[in-house]
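# Fold and geometry: a report
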Amino acid sequence: MRIVIALASDALHRLGAKGGTQEDPLIVRSVAAQLARIAQGNDVVIVHSDGYRISSHADHHHEGRDSGAVSTELTHAEAAPTKMGTSLERELCDMLPSVRRCAALHTQVEVDRADPAFDAPNKAVGPMLTGERALAAAREKRWHLAHDGIAYRHVVPSPQPVRLLQEEPLRRLVEQGAVVVCTVGVMPVVTADDGGLHAVDAVVDEHDGAALVARTVQADLFVIATDKPGVFLDWGTANSKLLRHGHPSVLHELARTAGTMSAKLEAAAHFAERTGRRAAIGALSDVVRLVDGTAGTTISCERVDPRGFDGGAVAC
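Residues numbered from 1 in each chain as written. Predicted model: local features only at pLDDT ≥ 70, side-chain atom pairs only at ≥ 80, totals over all residues. Heavy atoms only, no water.

## Quick word on the packing of helix 7 (residues 206-216) against helix 9 (residues 262-275)
Between helix 7 and helix 9, the shortest axis-to-axis distance is 9 Å and the interhelical angle comes to 20°. For the element pair helix 7 / helix 9, the angle class is roughly parallel. Every pair of crossing elements has a handedness; the one defined by helix 7 and helix 9 is right-handed. Between helix 7, through H207, D208, A211, A214 and R215, and helix 9, the contact on the second element is made entirely by A263, K264, A267, F271, R274 and T275. For the contact of helix 7 with helix 9, the residue count by class is 5 nonpolar, 2 polar and 4 charged. (Axes fitted to C-alpha atoms, helices over the stretch in contact; angles between N-to-C directions. Helix = DSSP H or I, 4+ residues; strand = E, 2+ residues; numbered from the N terminus. Parallel < 35°, antiparallel > 145°, perpendicular 65-115°, else oblique. Left-handed = near helix turned anticlockwise from the far one by under 90°. Contact = heavy atoms within 4.5 Å. Nonpolar A, V, L, I, M, F, W, Y, C, P; charged D, E, K, R; others polar.)

In structure tokens:
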């Protein structure tokens with residue numbers, strides 16, 4: 001079976017919060033050990049974000065900071081490179097048989113410059129802005145700003161990815177049986193009138209990027225490994241229940257109110273309806289069971305018998 005596993009950033013951050021950064025050798029080794037079990041007997045591509053940082057409230061710029069310092073920080077705050085890809089590749093190589101090749105591949109995505117998302121920037125990136133000089137620096141850069149009730153944020157468009165620029169080498173590596181650790185570049189490019197590729201001030205959602213990888217390699221299964229056991233209906237209430245199986249047509253509606261699961265649900269549902277194959281969302285610690293369908297939330301176009309999912313909900 002050909003499987004694409006997306007390591008959602010929230011799952012890796014949760015691991016890091018338990019005693020180290022997500023690049024901590026012990027954490028990487030633990031993740032690799034689980035993934036190595038899946039790689040035995042399967043074609044596997046592991047996808048993770050390339051470290052594009054969406055800042056939290058901790059990145060607060062206060063009134064009175066030096067305007068030059070603010071400008072420099074605003075320019076560079078969004079990029080935080082990670083060693084996760086190469087570390088994970090190295091650990092997998094150590095755990096798998098010597099005849100099984102491993103490879104790390106950084107990819108970049110192309111988007112359509114006619115995507116309507118460019119007319120409605122909504123993805124907050126970089127630090128929070130409160131001081132007048134910080135705001136002036138942002139306006140000088142012609143950033144779109146949005147107020148979140150506390151401060152201003154730089155917001156950028158989030159268009160849909162349409163093509164992996166490195167799709168051919170990725171396909172060849174998978175066809176040759178390599179376990180590929182694929183870093184999806186979330187800062188996209190567009191094709192200009194002269195045929196050249198140009199970077200744009202936008203962000204591609206990490207889950208949409210991973211789903212594009214899954215479609216590109218014609219995966220049989222697309223897994224999003226996160227920090228929660230799956231998607232819950234009525235989350236935060238006494239009636240909360242794990243969704244064990246959902247049809248894409250139903251999940252698009254659910255995604256509108258799914259909070260942090262919204263982007264994951266949309267990406268998984270789009271993969272299932274476009275390919276007719278299965279997707280799954282659940283905890284990174286349950287990734288082996290996500291593959292065999294005994295844990296988490298499964299998304300597919302298959303009509304199922306609800307009685308087969310004791311203790312969980314089915315949305316068809």
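## Looking at the pattern of salt bridges
Within this structure, the stated rule accounts for 8 salt bridges. Taking the shortest distance from any N to any O, the salt bridge between E168 and R171 comes out at 3.0 Å. Here E168 pairs with R171, and both are found in helix 6 (residues 167-175), just 3 residues apart, close to one helical turn. Residue classification places E168 among the partly exposed positions, given a relative accessible area of 39%. Through salt bridges with shared partners, a single network forms among E167, E168 and R171. (Salt bridge = Lys/Arg side-chain N within 4 Å of Asp/Glu carboxyl O. Buried < 20%, exposed > 50% of the residue type's maximum accessible area, 1.4 Å probe, protein only.)

## Description of empty space enclosed by the protein
All chains considered together, the criterion is met by 2 cavities of 30 Å³ or more. In this structure, the largest cavity encloses a volume near 60 Å³. Around the largest cavity, the lining residues are A6, L7, A8, V47, H48, S49, V184, E206, H207 and A210. Along the lines of polarity and charge, the residues of the lining of the largest cavity split into 6 nonpolar, 3 polar and 1 charged. (1 Å grid on protein atoms, 1.4 Å probe; cavity = no way out; pocket = protein on both sides within 12 Å on 5 of 7 lines; lining within 4 Å. Points joined across faces, edges and corners; volume = space filled by probe spheres on them.)

## Structural notes on the packing of helix 8 (residues 248-255) against helix 9
Look at helix 8 against helix 9: their axes get within 9 Å of each other, and the N-to-C directions meet at 160°. The angle between helix 8 and helix 9 falls in the class roughly antiparallel. In terms of crossing hand, the pair formed by helix 8 and helix 9 is left-handed. For the pair formed by helix 8 and helix 9, the contact residues are P248, L251, H252, L254 and A255 on the first element and S262, L265, E266, A269, H270, A272 and E273 on the second.

## What about the environment of V47?
Locating V47 in the fold gives a position in strand 2 (residues 43-49). Residue V47 is classed as buried on the basis of its relative accessible area of 2%. Spatially, the C-alpha atoms of V47 and V184 are 6.7 Å apart, while their sequence positions differ by 137 residues. With residues up to four places along the chain from it excluded, the contact list for V47 reads V4, I5, A6, L7, C182, V184, A210 and V213.

## Describing the layout of surface pockets
When its volume is computed, the second largest pocket comes out at roughly 210 Å³. Every residue lining the second largest pocket is counted, 13 residues in all, and those nearest its centre are F232, W235, T257, A258 and M261. Ranked by residues supplied to the lining of the second largest pocket, first place goes to strand 12 (residues 231-233) with 3 residues. Partitioned by chemical class, the residues of the lining of the second largest pocket number 7 nonpolar, 4 polar and 2 charged.

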